[in-house]
Amino acid sequence: MKKTGIFIVTGIFVGWILLSLAYLVPTGRIRTHITESLPLLESEGENPYLMEDYKGSSLDNYTDEIMLSIAGFQSERPFYKAAMLAEQKNTDAEEPLRWLKCDLLNEGEGYVAGYSRYWHGYLVFLKPLLYFLNYSQIRKLNSLLFGLTLLLIAIAFARRKMWLGIYAEVLALLTLFPGSIPSSLQFSACFYIAALAELGLLWKYEKLEEKGWLGFYFCGVGMLTSYLDFLTYPVVTVGIPVIVFVVLCPKKWFDCIKEVIIYGISWACGYVGMWIGKWVIGTLVVGENLFADAVGSVKLRTSGSTDYMDLSIVDVVGRNMDVLNNAYGKMIVIAGLVVVVIALVVTAALRKTIDYKKVSLLIMLSLLPMVWYCGTANHSYIHYWYTFRDLSVTVFAIAMIPEMLVQLMRAEKKG
């Protein structure tokens, strides 16, 4: 536990240093490139759909505009303090595009406001990128990186001959509405964190297990999620790699479930510890209490009500699942269930003596998004149009059952 605490504290200081260095990037060219991006953002609107009538295909230009507004703002504070406050120019209108115009084009009256409750670690990448590229060009670069990441995942699965794992990955990816990820900076962080965590296990699981590093691994994934994400669909960053771990783990069911609990707690410690660390170091560095706004936001987002209604878990889960209650979503569900049923029938026909308890562990992990929705009812209900992506963990867990059966049969054959 002591080592974990040191690991988290070290991550907090590294995060602050990296963010402070990002604030040393001159804003002149950044502001020029953001100004070049305004016509595109204005023409698309705040939440354009990539697929007509499919809410899940919506982009989040609204939040991307906030990210650009913070990245391009020229703070008058020292860089190491500015990094903790994430200031931007605001107006009375709740329209980030108008904030950008106010700051960059001097349109209308504005005021300086901070957004200090998040780390905004994405600025470590976004500020240098904006120094060289505009928003449209960053989207294109993101598309290339997105494609390369998918290729690496496919290669990693193929290297282990986990062909049904590739199938499960495709279904989980479809649940994310993949076309929207390269086009929205807001949606990119959790995808890349989950993908890199998954790749790390597929390539180096045995070494991580042998060295006893898996606890730190999941803790680091949680810290990175807190550092980069805007509270979009963070469950994928723990759910996807934990599912891969369960399929790869050769141990018995009871030992597996103990480790899943340990690694889940490790992720949570990293996630929560990194977030609290931002408020602590920010308060110390800036000399202002950053806890009040942060704690108030946490209380609101984890509450069981909105301004106009009390929420039940059925309300929250139902609203998120409704995004996939269409032909597109039903196609994903059917494609997954058909393969699962076939795999179970074939396994039974071969009369294999398989420990089906490990399969039940995947079913339990498929419920992770529901647990998250219970804990973040307000946020998950209001922002259902992107928090529904946590359900990709449910799809991945169920779709990985056939691959789990294959792995168990291989283990039986070797045994």
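Going by the structure above, here's the rest.
Residues numbered from 1 in each chain as written. Predicted model: local features only at pLDDT ≥ 70, side-chain atom pairs only at ≥ 80, totals over all residues. Heavy atoms only, no water.

A. Structural detail: the overall build of the chain. Helix and strand content of the chain: 21 helices and 2 strands. The globule rule puts the C-alpha radius of gyration for 415 residues at 22 Å, and the 22 Å found for the chain is close to it. Viewed in the frame of its principal axes, the chain has a C-alpha envelope of about 75 × 50 × 45 Å. For the chain, the residues scored as buried account for 54% of the 415 residues in total. When contacts within the chain are restricted to residue pairs at least 6 apart in sequence, those whose partners lie at least 24 apart make up 81%. Accessible area of the chain: about 18,600 Å², with a carbon and sulfur share of 66%. Taking the 36 positively charged and 35 negatively charged side chains of the chain as two groups, their mean positions are separated by 12 Å. (Helix = DSSP H or I, 4+ residues; strand = E, 2+ residues; numbered from the N terminus. Rg over C-alpha atoms; globule rule 2.2 N^0.38 Å. Buried < 20%, exposed > 50% of the residue type's maximum accessible area, 1.4 Å probe, protein only. Contact = heavy atoms within 4.5 Å. Areas by Shrake-Rupley, 256 points an atom, 1.4 Å probe, with all protein chains shown as cover. Lys, Arg positive; Asp, Glu negative; His and termini not counted. Charge placed at Lys NZ, Arg CZ, Asp CG, Glu CD.)

B. View of the packing of helix H10 (residues 214–228) against helix H11 (residues 235–248). Two elements in contact, H10 and H11, have axes whose closest approach is 10 Å; the angle formed by their N-to-C orientations is 155°. Here H10 is positioned roughly antiparallel relative to H11, judged by the angle of their axes. At the point where H10 passes H11, the crossing takes the right-handed sense. On H11, the residues that touch Leu-214, Phe-218, Val-221 and Thr-225 of H10 are Thr-237, Val-238, Pro-241, Val-242 and Phe-245. For the contact of H10 with H11, the per-class residue count stands at 7 nonpolar, 2 polar and no charged. (Axes fitted to C-alpha atoms, helices over the stretch in contact; angles between N-to-C directions. Parallel < 35°, antiparallel > 145°, perpendicular 65-115°, else oblique. Left-handed = near helix turned anticlockwise from the far one by under 90°. Nonpolar A, V, L, I, M, F, W, Y, C, P; charged D, E, K, R; others polar.)

C. Quick look at helix H6 (residues 123–132). When we look at burial in H6, the residues that qualify are Leu-123, Val-124, Leu-126, Lys-127 and Leu-130. Elements in contact with the buried residues of H6: helix H1 (2–22), helix H2 (27–44), helix H3 (61–72), helix H7 (135–159), helix H9 (185–211) and H10.

D. Local environment of the nonpolar core. Residues Trp-119, Leu-126, Phe-191, Phe-245, Val-246, Phe-396 and Met-400 are the most contacted members of the largest nonpolar core, which totals 129 residues. If we skip the residues at most four places from it in the chain, Phe-396 touches Phe-157, Gly-165, Ala-168, Glu-169, Ala-172, Glu-198, Ile-240, Ile-243 and Val-244. (Core = buried A, V, L, I, M, F, W, Y, C linked by side-chain atoms within 4.5 Å.)

E. Local environment of a positive patch on the surface. On the surface, Arg-159, Lys-204, Lys-207 and Lys-211 cluster together into a positively charged patch. Among the elements that take part in the positive patch, H9 stands out by supplying 3 residues, more than any other. With respect to the helices and strands, Lys-207 occurs in helix H9. On the basis of relative accessibility, which here comes to 44%, the residue Lys-207 falls in the partly exposed class. (Patch = residues over 30% accessible without salt bridge, like charges linked within 9 Å, V, L, I, M, F, W, Y side chains within 5 Å. Salt bridge = Lys/Arg side-chain N within 4 Å of Asp/Glu carboxyl O.)

F. Focus on unusual backbone geometry. The backbone of Ala-86 sits at a positive phi, close to 50°, despite the residue not being glycine. Relative to the helices and strands, Ala-86 is located in the loop between helix H4 (79–85) and strand E1 (87–90). Given the relative accessible area of 1%, Ala-86 is considered buried. The phi dihedral of His-120 falls on the positive side, at around 60°, and the residue is not glycine. Looking at the element boundaries, His-120 is found in the loop between strand E2 (111–114) and H6.

G. Layout of the environment of Phe-388. One can find Phe-388 in the loop between helix H19 (384–387) and helix H20 (392–399). Distance in space between the C-alpha atoms of Phe-388 and Thr-376 is 13 Å, their sequence separation being 12 residues. Discounting residues that sit within four places of it in the chain, Phe-388 has contacts with Gly-56, Thr-175, Phe-177, Asn-320, Val-323, Leu-324 and Tyr-373.

H. Quick look at the pairing of E1. Along E1, one buried face is formed by Glu-87 and Lys-89 and the opposite face, lined by Gln-88 and Asn-90, is buried too. Pairing analysis gives 4 bridges linking E1 to E2, with the strands arranged antiparallel. Within the sheet, the bridge partner assigned to Lys-89 lies in E2 and is Val-112. (Pairing = 2+ DSSP bridges.)

I. Region of the structure containing the state of the cysteines. Tallied over the entire structure, the rule returns 0 disulfides. Cys-190 carries a free sulfur, and the closest cysteine sulfur to it, the one in Cys-219, is 16 Å from it. Unpaired in this structure, Cys-269 has its nearest cysteine sulfur neighbour in Cys-219, at a distance of 6.6 Å. (Disulfide = S-S within 2.5 Å.)

J. Summary view of the packing of aromatic side chains. If you walk through the whole model with that rule in mind, you get 26 aromatic pairs. Measuring from ring centre to ring centre gives 4.4 Å for Phe-177 and Tyr-328, while their planes differ by 25°; the resulting arrangement is stacked. Taken together, the positions of Phe-177 in the loop between helix H8 (163–175) and H9 and Tyr-328 in helix H15 (residues 327–349) put the pair 151 residues apart, joining distant regions of the chain. The burial state of Phe-177 is the same as that of Tyr-328; both residues are buried. Joined through ring pairs, the aromatic side chains of Tyr-115, Tyr-118, Tyr-122, Phe-230, Trp-267, Tyr-271, Trp-275, Trp-279, Phe-291 and Trp-372 make up one cluster. Taking NZ or CZ as reference, Arg-319 lies 4.3 Å from the ring centre of Tyr-381, over its face. The lysine or arginine in question, Arg-389, covers the ring of Phe-187, its NZ or CZ lying 4.2 Å from the ring centre. (Phe/Tyr/Trp six-rings, centres within 6.5 Å; stacked < 30°, edge-to-face > 60°. Lys NZ or Arg CZ within 6 Å of the ring centre and 35° of its normal.)

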